[in-house]
Amino acid sequence: MSKLYLECNAGISGDMTVAALLDLGADQEGLVESLESIPADGFEIKISRVMKDGLDCQDFDVVLDYPNHDHDMEYLHGEYHEHEHHHHHHEHRHLSDIMNIIEGTDISDNAKSIAKKIFEKVAEGEAKAHETSKDIVHFHEVGAVDSIVDIIAVAFCLDDLGVDEVIVPSLSEGTGTVRCAHGVLPVPVPAVKYIVEDNDIKLDIMDIEGEFVTPTGAAIVAAVRTSDTLPSDMKIVKTGLGAGKREYKRASILKAMIVEEG
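Not measured: the values here are computed from a predicted model.

Undergrad: Any chance you could explain the overall build of the protein chain here in plain terms?
TA: Check the secondary structure of the protein chain and you find eight helices and ten strands. Counting all 262 residues of the protein chain, 53% fall into the buried class. Contacts in the protein chain between residues far apart in sequence, at least 24 positions, make up 73% of those at least 6 positions apart. With an accessible surface of roughly 12,000 Å², the protein chain has 46% of that area assigned to carbon and sulfur atoms.

In structure tokens form, the structure reads like this:
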């Protein structure tokens, strides 16, 4: 079994996590096959190499059949006029719908268990943000297909790599505001704020404008972290770099390391 250290000093998101784990050696072919078995449509997977601040990183992209603003910097942080864009109504899902999708996917029982645990954390954070219960909260971005795919992919990769311990000392987040389905929200967005508070995750606020930690990213850490303390005597066995899509002053790169004590 493996001990994984996630260095989140440029934040964390679902796609960054999948990319970093693929770079560590998770089975790319097996992942694509598993994702094709998800009982939902409207997406395809693109896996490639990209350069970020001169570093060669893995990139994992869920390409949707409909426009997705998640990586659109003008939409997220700039002037945005709704009438200039086609308004798409995303399918709304409840937690039970998402659990059924995970259950119907061809991945191991362990991977299903990890994926469900991550979504439980997302649901708890979103429910608190919207003052409702986790069973009836409507998922917008997070219930959109891309987040379901990201979370199932993370679960597959962790299972494939045989990870049984995950060390995450802290998450680094930016400042300012970000636009989402519910309007313009302060960073960290409420769902992230509640997830880190309720799971005792240390959040370092950087003097950089931008949303570096997504609800999916925070939920992954909340669900799989087993420790926030690095071994005093540690050897790095392998390193993986996962690229984020957003362009901020600090390059969004997630570093994932397999480590050993001594």
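So, next bit.
Undergrad: I'm lost on the packing of aromatic side chains in this one. Help?
TA: Aromatic ring pairs are reported here in terms of the distance separating the ring centres and the angle at which the planes meet. As enumerated under the stated definition, the model contains one aromatic pair in all. Aromatic side chains Phe212 and Tyr248 sit 4.7 Å apart centroid to centroid with 40 degrees between the ring planes, which places their arrangement in the tilted category. Of this pair, Phe212 sits in the loop between β8 (203-209) and α8 (215-224) while Tyr248 sits in the loop between β9 (234-243) and β10 (253-261), and the two are 36 residues apart along the sequence. You'll find Phe212 and Tyr248 in the same group, each marked buried. Against the face of Tyr194 rests Lys193, its NZ or CZ located 4.8 Å from the ring centre.

Undergrad: Looking at this model, I keep getting lost on the environment of Leu21. Mind explaining?
TA: Mapped onto the fold, Leu21 is located in helix α1 (residues 14-23). Relative accessible area serves as the criterion here: at 1%, Leu21 is assigned to the buried category. As a C-alpha pair, Leu21 and Ala153 span 132 residues in sequence and 9.6 Å in three-dimensional space. Other than its neighbours up to four places away in sequence, Leu21 contacts Leu4, Ala26, Val154, Cys157, Leu158 and Leu161.

Undergrad: Please explain the nonpolar core as it appears in this structure.
TA: Soluble globular proteins tend to pack their nonpolar side chains together in the buried interior. Counting 72 residues, the largest nonpolar core has Leu4, Leu6, Leu31, Phe60, Phe119 and Leu171 as its most contacted members. Residue contributions to this core peak at eleven residues, all from helix α6 (residues 145-160). When residues no more than four places from it in sequence are discounted, the contact partners of Leu31 are Val18, Leu22, Phe60, Ala153, Phe156 and Cys157. Cys57, Leu241, Ala243 and Ile253 belong to the second-largest nonpolar core, a separate cluster that totals five residues.

Analysis parameters
- Residues numbered from 1 in each chain as written.
- Predicted model: local features only at pLDDT ≥ 70, side-chain atom pairs only at ≥ 80, totals over all residues.
- Heavy atoms only, no water.
- Helix = DSSP H or I, 4+ residues; strand = E, 2+ residues; numbered from the N terminus.
- Buried < 20%, exposed > 50% of the residue type's maximum accessible area, 1.4 Å probe, protein only.
- Contact = heavy atoms within 4.5 Å.
- Areas by Shrake-Rupley, 256 points an atom, 1.4 Å probe, with all protein chains shown as cover.
- Phe/Tyr/Trp six-rings, centres within 6.5 Å; stacked < 30°, edge-to-face > 60°.
- Lys NZ or Arg CZ within 6 Å of the ring centre and 35° of its normal.
- Core = buried A, V, L, I, M, F, W, Y, C linked by side-chain atoms within 4.5 Å.

Don't take any of this as a statement about function, it's just geometry.
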